[in-house]
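Given next are the chains, with one letter for each unit.
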Amino acid sequence: MKFGLLKRLAAVSMAAVMVIGTMTGCGKSGSEKNKNGDEVVELVWYQVGDPQKDQEKVIEKANEYLVDKIGVRLKVNSVGWGDYNQKMQVVINTGDNWDLCFSCSWANDYLQNANKGAFLVLDDYLEKDGKEMYESIDPKFWEAAKVKGKTYGVPSEKEIGSMPMWVFTKEYVDKYKIPYEKIHTLEDLEPWLKIIKEKEPDVVPMYLTKDYTAPTYMDKIQDPIGIEYGDDTLTVKNVFETDKMKSTLKTMRKYYEAGYINKDAATASDDKAQKRFVTKGDGQPYAELVWGKDLGYEVVASPIMDTYVTNASARGALTAINAQTKNPEKAVALLNLINTDEYLRNLLNYGIEGEHWEKAEVPAEEAETAKGKPYIYDTKVKLNEETRKDYSVAYWVQGGLFGTYVLENEPIDKWATFKEFNDASEVAPSFGFDFNLDPVSTQVAGFRNVLDEFGKSLYTGSVDLDEYLPKLQEKLKATGVDEVIEEMQKQIDEWQKSEK
C-alpha cells in the first residue's frame, strides 16, 4: 500500500543505506547442528526500514529459538526507507546472496519481480511447509499474491483495503464543536476551514506536503491510468480527465487561493511543529492512535470514501523468497513459524520482553467484552520508554499483524476489528487484474517525470488549474498516454472474458 502523509511521519527516512552485519551467503550451511541433530542453515533476509541499534541482539534471541525449532539461523539486513528500492534492484539484478526480501506494490515491486522470475513460486511449498499460515491468512490476501495464477510471496495480514481519511486535530474539533464524523468529501471541509482561518491565525487550516495526493476515486492501475471505483464496465481512464478529479482540483485551487492551504504545500516536507487543523492520511481501524502518538497530540479521523480492495492495497506487504535459494523449504518454514508462533512473532515485532517491553494489565471489562472474538491474546504491551528507540521496526514488514499483541492504549480486540474491516471492504471491479506493461513500457516510463513536474502543484492547488492542467494533459499525450489506455483496455477486456 502506498502511504500518505501521516504514515510517512513515522516511516520515511532518507538516511543512507546501512546493512546490519556482514553478508555470509545465501542459505549458507555449516557444521552447526541443533539438539535434534539436524543441520542448521543460515537464511539472509532483506527488510525495509532503518537499522536498529538493538537489532542484532533481538535477532540473536530469535535464533536461540529458531535453531532448535526449525534448524534455521536468521540474518536480517535492514535497508533505509529512502534507499530500499535502489538497493534491492542491485541485489536482485546482480545475483547477490539472499534468501528472503520484503516486497509490495510500492517498494521492491512485487509484480515486476515475480514476472521476471526473481521470486520463488510457493504453491507447492504452501501445501506442506507453509500449511498453517496458508490456512490462517485471509484467502483474499493469497488471491492478491497470485501473479498469472502462481503465488510468489507470503502476504502480511493487515488492513486489506485502501482507506483514505481526513485527520483532524482534536483540540480544534472540541473547541468549535465540529461534527467531524459527518465530514467526508473535500467539499464538506469548507465551512470549518473558513472558521479556523478566521479564528486561529497561527493554525494552517489544511496542512499539506509534497506527498499529498488529492482524493482519488479510482484504482490507479498504472498512475495516472485506471478504473473508477464502482465502474463495472471496467472502462480505462486517465484520472485527470475524469469529472471527479477535475472537480477536486478546482476545489483544491479554491482552498489554496482562500489561504486555507500552506503556501509551500507542493514542496514541503512535514513539519510536526506546525499547527494544523486537518490533513489527509491513509488509514485503518484505530489509525488515529498511531498518528496521535507520532504527532504528540490527540487526533480524530473520518473516512473520505468507501474502502475498496485493489491489487495495490492487498499487496501492501509481502515477503518473497529468492528463486535461487538453496533452502526453499527452510525459508517457507521460517515464514510459517513467524506468522503462527505467538512468542516469535512478538519477539521480532517488539523486541525482548523485560528489556524493550513488558506485559501490561488488561482491564477486566475489556477482556470480558472481547471473549469469543478471534485474533485476541490476553496480553497487552507496555513499551520501555528508555529502550524502545533502540528497537522499533515497521510492524507489517516481518509478518502479519493478527499474531501480535496490542499496545496498552489500544483495545484488546483491535485485530478482531481489523478482520471485520477487511470483511466489510468492497472489492474493486478491477481486483485481480495485472497489467502487462511490456508493450507500452517506454510510454509508461515517461509518466513519472510528467507527474513529478505537475502533479504535486495541481494536487495541492498551488498553480492555476486552467493553465497547468492542459499542460499536464499535453505532456501525457506526447508521452503516449492514449496508447497505454488502449493497451490496458485491451488487456482488461481479455481478462474479463477469461474470468467469466
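Structure's up top.
Not measured: the values here are computed from a predicted model.

K.L.:
I would appreciate a short explanation of the sheet that holds strand 11 (residues 225-228) in the present structure.
P.N.:
Backbone hydrogen bonds hold the strands of a sheet together, and the pairing may be parallel or antiparallel. If you walk across this open sheet you meet the 3 strands as 10-11-12, and the pairing is antiparallel. Both edges of this open sheet fall to strand 10 (218-222) and strand 12 (237-238), since each of them pairs with a single strand only. Here strand 11 pairs with strand 12 via 2 bridges, running antiparallel. Bridging from a neighbouring strand, Gly226 pairs with Lys237 of strand 12.

K.L.:
So what exactly am I meant to see when it comes to the sheet that holds strand 18 (residues 380-383) here?
P.N.:
Read across the open sheet, the 3 strands follow the order 17-18-19; overall the sheet is mixed. Looking at which strands have only one partner, the edges of the open sheet turn out to be strand 17 (357-360) and strand 19 (406-407). Sheet topology places strand 18 next to strand 19; 2 bridges connect them, and they run parallel. Across the sheet, residue Val381 finds its bridge partner in strand 19, namely Leu407.

K.L.:
So what exactly am I meant to see when it comes to the side chain of Ser78 here?
P.N.:
Take Ser78: it is sitting in strand 3 (residues 72-79). Residue Ser78 is classed as buried on the basis of its relative accessible area of 4%. Here the side chain of Ser78 touches Gln55 through a polar contact of 2.8 Å, side chain to side chain.

K.L.:
How should the environment of Phe119 be read in this particular structure?
P.N.:
Residue position: Phe119 is located in the loop between helix 4 (110-115) and helix 5 (123-126). Along the primary structure Phe119 and Cys101 are separated by 18 residues, whereas in three dimensions their C-alpha atoms are 9.4 Å apart. Leave out the neighbours within four places in its chain, and Phe119 touches Ile92, Trp98, Cys101, Ser103, Asn108, Tyr110, Asn113, Ala114, Tyr152, Ala320, Ile321 and Ala323.

K.L.:
Would you mind showing me how to read the nonpolar core here?
P.N.:
In summary, soluble globular proteins display a tendency toward joint burial of nonpolar side chains. Trp166, Phe168, Leu189, Met206, Phe240 and Phe277 are the most contacted members of the largest nonpolar core, which has 62 residues in total. Residue contributions to this core peak at 7 residues, all from helix 17 (residues 441-459). When residues no more than four places from it in sequence are discounted, the contact partners of Leu189 are Trp166, Phe168, Ile183, Met206, Tyr255 and Val278. If you look at the next biggest cluster of nonpolar residues, it comprises 38 residues, including Val41, Val76, Ile321 and Tyr391.

K.L.:
Looking at this structure, I do not really get the pattern of salt bridges. What am I missing?
P.N.:
Two side chains that carry opposite charge are able to pair once their charged atoms sit near each other. According to the stated counting rule, one finds 31 salt bridges in the structure shown. Residue Asp138 pairs with Lys140 through a salt bridge whose shortest N-O separation is 3.6 Å. Here the two residues Asp138 and Lys140 agree in accessibility, since each one is buried. Lys373 is the partner of Asp413 in a salt bridge, and the nearest nitrogen-oxygen pair spans 3.0 Å. Taken together, the residues Asp413 in the loop between strand 19 and helix 16 (414-424) and Lys373 in the loop between helix 15 (364-370) and strand 18 connect sequence positions 40 residues apart. With a relative accessible area of 14%, Asp413 lands in the buried category. Each member of the salt-bridge network shares a partner with another, and the members are Glu32, Glu60 and Arg73.

Analysis parameters
- Residues numbered from 1 in each chain as written.
- Predicted model: local features only at pLDDT ≥ 70, side-chain atom pairs only at ≥ 80, totals over all residues.
- Heavy atoms only, no water.
- Pairing = 2+ DSSP bridges.
- Helix = DSSP H or I, 4+ residues; strand = E, 2+ residues; numbered from the N terminus.
- Buried < 20%, exposed > 50% of the residue type's maximum accessible area, 1.4 Å probe, protein only.
- Polar contact = N/O pair within 3.5 Å; in protein donor to acceptor, adjacent residues only side chain to side chain.
- Contact = heavy atoms within 4.5 Å.
- Core = buried A, V, L, I, M, F, W, Y, C linked by side-chain atoms within 4.5 Å.
- Salt bridge = Lys/Arg side-chain N within 4 Å of Asp/Glu carboxyl O.

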